[in-house]
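Examination of the molecular architecture
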Amino acid sequence: MARMQPEDTTYWLVREAFGWSVVLQVLWRFPTVPDRAALDTVNERLRHSVLNRRLIRARAPFARPRWIHADFAPDLLVDSEPIPARDVEPWSGTELSRTPLDPERGPTWRLRGVPLDDGGFVLSLTALHLVADGRTVVTAATAALTGTPTDPLGRPGRLASRLHRRPPLGGHRPEGLLTNRPHPVRGEPGRVSAVDDRGPAGIAGALGVADAAEGGIDAVPVGPRVRSHSVGRLVDTAVDAADGVGQVVAAGRGIVKAAMAFARARGAGSAGDGRPVKSGAHVRAPRARYSWATVSVDAAHWDSVARHHGGTANTLFIAVLVGVLRASGYGQVLEVGIPVSRRTEDDARGNATAGVSVTLTEDLPPGGDLRPLRRQCKDAFTRLSAGERAAHVHLLPLVGLLPTGLVVRAATAGSGMPDVVASNLGDFDSELRCIGGVHASAVAFRGIAQGVDPAASYRFGDGVQSWGLRTGDTWTFSVAAFDEECFPQPDDLAKMLAAELDGWGVEHRMW
C-alpha cells in the first residue's frame, strides 16, 4: 500500500491550509500540427502512467492518506481555433493557472493542445505536484511518447482488479468522464474541463475506500456486495490505525533528529543566512501575479560557456538567475535553493526530491569566475549525501499530527523562502520531442500555485524560480519572477534575462 510520503507533505499542506494547487507543466512547441491519432495515443498511454493516481483520505487519526492508481482519465483537448504565434505564453499560462485538477476526485493531469496561426502547434501537459515531482512528470511524458508508461500502483491483485472494473455505484459514469468534448466548469464561464466538478466519487465507493457521492454506501440496498465493501472498509480502517501509530513513532524520532540537527548547526556557528529583512512577499507582490520568460540554448554551447568560466551547466544556470535578480534591484545577499532528486531504482514515490541551499554574498558578474560558486554547491551536495538535513525536514511527520493553523504559523516563522530556486530536471532523450513523426523545436517545463489569494499574506514564491531540462541537443529553461516591485512590467524579466545571457556570451532564443 502506497502512503503519502514526507516529500508530498508540502503540497498537501498548502492545499489544506490555503486552498492552493501546485501545478506543473510540460510544454512542446511544434513547427507543424502532429497527427490527431498520435496525440490521442499519448493521452491514452498517460492514463497508465504514474500521473494517473488518486489520493484517499485515511479513516484513522494520524494516518497518512493513501495513493491508488485511478481507473479514469481525462480526454485529450485540442482547441479548434488557432491562436496567434505570439500568444503562446498567454495561452499556456492560462492553461497552467486555471486547469482544474484535484488529487481526490480527479483528474490529476490534463493534455491539451492548440494550433498556431503560423502553422505550428503547442501542446501542454499539466499535472499536480502533489502526485509527482518535475522529473517524474517529464519521465512519464517520455514513456507515453515511446509506448512504455508504467505505474507500480497500477498492478492490483485479482479482487482489486475486479473492483476497479466495476462501474460507479448507481450504475452510471459521472458526467464529464471520458467524453468527446469539453464542457464549461460550473460558475466559471469560458473555462473547460474534461471532468465535471462533481468528480468520480462513485468509483471511490466501488473500491470500498471512501463514501460514494449522493448518499454514500448506506444509500445502496444491502446485499452481499455491500457487505463485502463493509469488510473491506473495516480492514482499511485497521490498516490506517496501524499507520497512525507508526506516524506517532516517526514524529517522535523526527523530533530527536531535529534537535540533533539544530545542535549541529549551532555548533557550526550558524546564525541565520545573513539576508536583510525585507517587507513581506505579499507587500511586494500585491496582485499575486507572475512574470514569465522561457529561453532555449544549444546544449553543447551552454556547456562550453560554463567550462570556459570554470563552472558546470548547473553553476552557470544559477549564476544567470542570480544575475537577473540582482539586476532587478532585489538585493545582494541571496539564498539559492537547489532541488536534488533522491529517487532510487524501483522507487514508487511520486515525489522524491530533497533540497540544498547556498547563500551568496559576493559579486557574480556576467563573464566572471564560476569556481567559488561551484565549490559552494559541491559542499552543499556533500552534506546532503552525508545525511545532514535542516532541522525542519525531520519534523515533517508532525504535520499530520498537529492542527493545520499551528503548522502554518511554525512554517512561516523562519527566514522565508529562497530568493532563487534553480531546478535542473536533468537530461532526456530526444524522443521526448517527437510525436507522430513531428519533432518539437524545444520542450519547456515550469510550475505555479493555483488559487493564491492576493488579499492574503502568503505567496508561492519570492524572487525568481526556474526549471530547466535538456532534450537531445537543446537546453531550455523557464523563469518565473514573483516580486512585482522589481519586475513591474510583464516584459521586464525577459529583457533582463536576455541581457544576462548576453553578458555571459550565451547565444540564445527567447520563446
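This section reports on the structure supplied with the text. (Residues numbered from 1 in each chain as written. Predicted model: local features only at pLDDT ≥ 70, side-chain atom pairs only at ≥ 80, totals over all residues. Heavy atoms only, no water.)

1. Thoughts on the packing of aromatic side chains
Under the counting rule described, the total for this entry stands at 10 aromatic pairs. Aromatic rings pair up to connect Trp302, Phe317, Trp475 and Phe477 into one cluster. Directly above the ring of tryptophan 292 sits arginine 446, whose terminal nitrogen or CZ lies 4.5 Å from the centroid. (Phe/Tyr/Trp six-rings, centres within 6.5 Å; stacked < 30°, edge-to-face > 60°. Lys NZ or Arg CZ within 6 Å of the ring centre and 35° of its normal.)

2. Here's the deal with empty space enclosed by the protein
For the structure shown, the criterion picks out 1 cavity of 30 Å³ or more. In this structure, the largest cavity spans a volume of roughly 40 Å³. Around the largest cavity sit Tyr11, Arg15, Trp20, Ser21, Val22, Pro103, Leu128, His129 and Leu130, which together line it. If you list the elements that add at least two residues to the lining of the largest cavity, you get α1 (6-18) and β2 (21-30). Looking at the lining of the largest cavity residue by residue, the class counts come to 6 nonpolar, 2 polar and 1 charged. (1 Å grid on protein atoms, 1.4 Å probe; cavity = no way out; pocket = protein on both sides within 12 Å on 5 of 7 lines; lining within 4 Å. Points joined across faces, edges and corners; volume = space filled by probe spheres on them. Helix = DSSP H or I, 4+ residues; strand = E, 2+ residues; numbered from the N terminus. Nonpolar A, V, L, I, M, F, W, Y, C, P; charged D, E, K, R; others polar.)

3. Notes on the sheet that holds strand β5 (residues 77-78)
Sheet architecture is open: 5 strands sit in the order β5-β6-β7-β2-β16, paired in mixed fashion. The open sheet has two edge strands, β5 and β16 (442-450), and neither has a second partner. Where β2 meets strand β7 (residues 121-128), 8 bridges bridge the pair, whose relative direction is antiparallel. Across the sheet, residue tryptophan 28 finds its bridge partner in β7, namely leucine 123. Lying over the sheet, helix α2 (residues 36-46) contacts β5, β6 (109-115) and β7, oriented at roughly 165° with respect to β6. Contacts from helix α3 (residues 88-98) reach β2, β6, β7 and β16 within the one sheet, and its direction differs from that of β16 by about 45°. (Pairing = 2+ DSSP bridges. Contact = heavy atoms within 4.5 Å. Axes fitted to C-alpha atoms, helices over the stretch in contact; angles between N-to-C directions.)

4. Overview of the layout of surface pockets
Approximately 790 Å³ is the volume attributed to the second largest pocket. Secondary-structure elements contributing two or more residues to the lining of the second largest pocket are α3, β10 (291-298) and β16. It is α3 that provides the largest number of residues to the lining of the second largest pocket, a total of 7 residues. In terms of residue class, the lining of the second largest pocket is made up of 14 nonpolar, 7 polar and 7 charged.

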